[in-house]
Amino acid sequence: MLALVAVLLLALGAAATIFRRAPAVLGVSAALSASGAAAALASLIAGGPTLALALPIGLPSGLMAPDGMTLALDPLSAMFLLILFVAAAFCAVYAIDQHEAEDRRALAGFPAFVGAMALALLAADAFTLVFGFELMSAVSWLLVLARHEDADSRSAGIFYVGMALFGGLCLVPAFAVLAHAGGAHAGLLDLRFSAMRAAPPEGWRAALVLALVLLGAGSKAGLVPLHPWLPLAHPAAPSHVSALMSGAMTKVGLYVIVRVLFDLCGPAQPLWWGIPLIAAGAASALIGALRATADGDIKSVLACSTIENVGLIAVGLGVALVARGADLPALAALALCAALLHALGHGVFKPLMFLCVGSVAHGAGTRSLARLGGLIHRMPVTAGCAILGAACLAGLPVFAGFAGEWLLFQAVLAGPRIGGLALQTLFAALAAVLALSVALAAAAAVRLIGVAFLGRPRGPRAAVADEAGPRARAAMIGLSGLAVLLGLLPGPAIWLLEPALRGLSGAGMAGRAGWLAISPTQESFGYAPAAIALLVALAAAGGMLALRRLAARGIALGRERGPAWANGFAAPPAWLPFGDSVTQYGGASFSEPLQRTLGRTLLRGGDPAMHWLMRPLLAARGAISRAADAMQVLTIRRILTVMFAVLVLFLAVIAAVEM
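**Considering the packing of aromatic side chains**
- Scanning all chains against the criterion turns up 7 aromatic pairs.
- Ring plane angle 50° and centroid distance 5.2 Å describe the contact between Tyr-160 and Trp-229, whose orientation is recorded as tilted. Remark: Trp-229 occurs in helix H9 (residues 229–236) and Tyr-160 occurs in helix H6 (residues 151–181); sequence separation between them is 69 residues.
- Ring geometry for Phe-175 versus Phe-193: centroids 6.3 Å apart, planes at 20°, classification stacked.

**Focus: the packing of helix H10 (residues 239–264) against helix H13 (residues 329–364)**
- Where H10 contacts H13, the axes come no closer than 6 Å and their chain directions differ by 165°. Taken together, H10 and H13 sit at an angle that is classed as roughly antiparallel. The interaxial crossing formed by H10 with H13 has right-handed handedness. Between H10 and H13, the residues in contact are Ser-239, His-240, Ser-242, Ala-243, Ser-246, Gly-247, Lys-251 and Phe-262 and Leu-336, Ala-343, His-346, Gly-347, Lys-350, Pro-351, Phe-354, Leu-355 and Gly-358, respectively.
- Considering only residue class, the contact of H10 with H13 consists of 7 nonpolar, 8 polar and 2 charged.

**Quick look at helix H8 (residues 203–221)**
- The end-to-end C-alpha separation of H8 is 26 Å, in line with the 27 Å expected for 19 residues at 1.5 Å each.
- Taken together, the buried positions of H8 are occupied by Ala-206, Val-209, Leu-210, Leu-212, Val-213, Leu-214, Gly-216, Ala-217, Gly-218, Ser-219, Lys-220 and Ala-221.

**Things to note about the environment of Leu-496**
- Checked against the element boundaries, Leu-496 lands in helix H20 (residues 490–505).
- The exposure class of Leu-496 is buried, given its relative accessible area of 18%.
- For Leu-496 and Leu-341, which are 155 residues apart along the polypeptide, the C-alpha to C-alpha distance reads 9.9 Å.
- Among all residues touching Leu-496, those that are not within four sequence positions of it are Leu-41, Leu-44 and Ile-45.

**Some points on the pattern of salt bridges**
- Scanning the model with the defined rule gives 6 salt bridges in all.
- Measuring nitrogen to oxygen at the nearest pair gives 2.8 Å for the salt bridge that ties Asp-263 to Arg-197. Note that Asp-263 is positioned in helix H10 and Arg-197 in helix H7 (residues 193–198), a separation of 66 residues in sequence.
- Judged by relative accessible area, Asp-263 falls into the buried class, the value being 16%.
- The exposure class of Arg-197 is partly exposed, given its relative accessible area of 35%.
- Between Asp-263 and Arg-259 there is a salt bridge whose closest N-O contact spans 2.7 Å. Of the two residues, Asp-263 and Arg-259 both sit in helix H10, 4 residues apart, roughly one turn of that helix. Like Arg-259, Asp-263 is buried.
- Taken together, the shared-partner salt bridges in this structure form one network comprising Asp-74, Arg-197, Arg-259 and Asp-263.

**Considerations on the nonpolar core**
- One finds Phe-175, Leu-244 and Val-260 to be the most contacted residues of the largest nonpolar core, which totals 185 residues.
- With 22 residues, H13 is the largest single contributor of residues to this core.
- The residues contacting Leu-244, other than those within four sequence positions of it, are Leu-84, Ala-87, Ala-88, Cys-91, Phe-110, Phe-113, Val-114, Met-117 and Met-249.

**Observations concerning the environment of Gly-115**
- Mapped onto the elements of the fold, Gly-115 is located in helix H4 (residues 110–122).
- For Gly-115 and Ser-33, which are 82 residues apart along the polypeptide, the C-alpha to C-alpha distance reads 9.6 Å.

**Notes on the side chain of Ser-137**
- Among the structural elements, Ser-137 can be located in helix H5 (residues 126–144).
- Judged by relative accessible area, Ser-137 falls into the buried class, the value being 4%.
- For Ser-137, the residues in contact, after removing those within four places along its chain, are Tyr-160, Ala-164 and Lys-220.

Analysis parameters
Residues numbered from 1 in each chain as written. Predicted model: local features only at pLDDT ≥ 70, side-chain atom pairs only at ≥ 80, totals over all residues. Heavy atoms only, no water. Phe/Tyr/Trp six-rings, centres within 6.5 Å; stacked < 30°, edge-to-face > 60°. Helix = DSSP H or I, 4+ residues; strand = E, 2+ residues; numbered from the N terminus. Axes fitted to C-alpha atoms, helices over the stretch in contact; angles between N-to-C directions. Parallel < 35°, antiparallel > 145°, perpendicular 65-115°, else oblique. Left-handed = near helix turned anticlockwise from the far one by under 90°. Contact = heavy atoms within 4.5 Å. Nonpolar A, V, L, I, M, F, W, Y, C, P; charged D, E, K, R; others polar. Expected span 1.5 Å × (residues − 1). Buried < 20%, exposed > 50% of the residue type's maximum accessible area, 1.4 Å probe, protein only. Salt bridge = Lys/Arg side-chain N within 4 Å of Asp/Glu carboxyl O. Core = buried A, V, L, I, M, F, W, Y, C linked by side-chain atoms within 4.5 Å.

Given below as structure tokens:
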């Protein structure tokens, strides 16, 4: 709580001092974020006792209950706060080494961005949550517009603010329905979460809340079909902001989904409740992974990867809802654990990847894969951290992205026992879609590392790229260490999630998570990442030893270097010092087979959401704008008629709400 208040107070003075004391503001932001992460971790270790705090600010007295904002720290909010503050601390340290003028302008909003997300996660009433959610959207919009001189940044900012407003417009009526279902407090709508839990919605009200929350919070999380803002906004924002948006802000959207659907709506919801979330998550995973294999901008690749990972988390949440509706608490706990564990891992390795590609963009002067290559020689620390992050992104064993995905597959494979031919068919198709999505994500990771860091430089700027500064390297190395730790020890991470799992699913992972291994059931064999890592290390050491003994002297272990393999082409002429571009694979070369087989079907004409949803909406917006312009020349009689019609409509809506 104190860390949140301190971050908000720091944000107030940041705008006035940032141009002169940017490192100081970022240093204090990093220290406060680290303190917040330590407090959240301590709360989780202590078992997550709920702590409450009432603030004397908020809605006007007598309008709704409560009068002031209320904050609460429980196991669920503590887990998401841990993700937020860990990412914020390392992003703040990284940003100290950013010296571009446009990035310095963005630093003023950084602590406000962190504080707004923390406020949304700590909210114990609907007003506080929506206020923090919208403040987060407003500040992040300003950060996206940090490079407002660029036309693409302005276009991305306009698109992003439209999606943010849409999300808020969906959440407000959702909480209004929940507050109405919760009854009145002294004649007023009671916006406290405790009142909503006491009287969860039923019937059509519950279905309406489900739809509005999936639209409002799902748009912020990046669920299909409301995901197109991610590949536009993430490249436009500075790298440390992109890292925080992908690693933490999307988790705030997922947190709202979990808070409302699992907590405020109660456990007595029908079995079908999780199916829309499963469908949206599966579509997000597939489309995000496929787009990640095709984009040529390294930050857009990571943004599309975020869509894929958010989709996997949403699938886990949907399976948990279906299992809870079928009264299978053990399966619900397994699926919810998979979702939360993957959210925790993604909150570590995705900021790491964004910081790495930010260093690449700064050091090589471009974000285009077609102009990179060979950076492993010029930027060894960045390359090493990026390779580790890409291994997590690809879901390789012993890395941070594997444990959550493995548990998710175990939950999906156990899903058919819920019963019913329709559900069994759904889970069989879901398993196939998830397998394809994970394979595509691995291909995207290989493509990113292979093209950007290996091979020869594809341009003069990449050939003389500069390594990141010392603080940026420290931030990347720190996140790499956390990713390794989380990958090798998923069991202790699951222990931290245990209170939230028991409170939301009715069961936990007791007996299924140990220090060195985790398993889907107490009777089955599990996944032991430390043992696998040891075997891989022994095999690698044995291979190196055999290579040293058997290879020709002077050639083994790279002691001598020869010309790069040119795919059978002749040596390039002297006027091509970086080689002929056609003699080595590029980003398009890697993605072409996948685009031929899958892209022509799923991405025909671009992203299907842009083609079928966003473009018609933009056309409708243009029509409304033209109609509004036409109203400026109406006669006074017609203007009064329109005003009277709007007043009647407003009174009708109020009467419908009061019924």
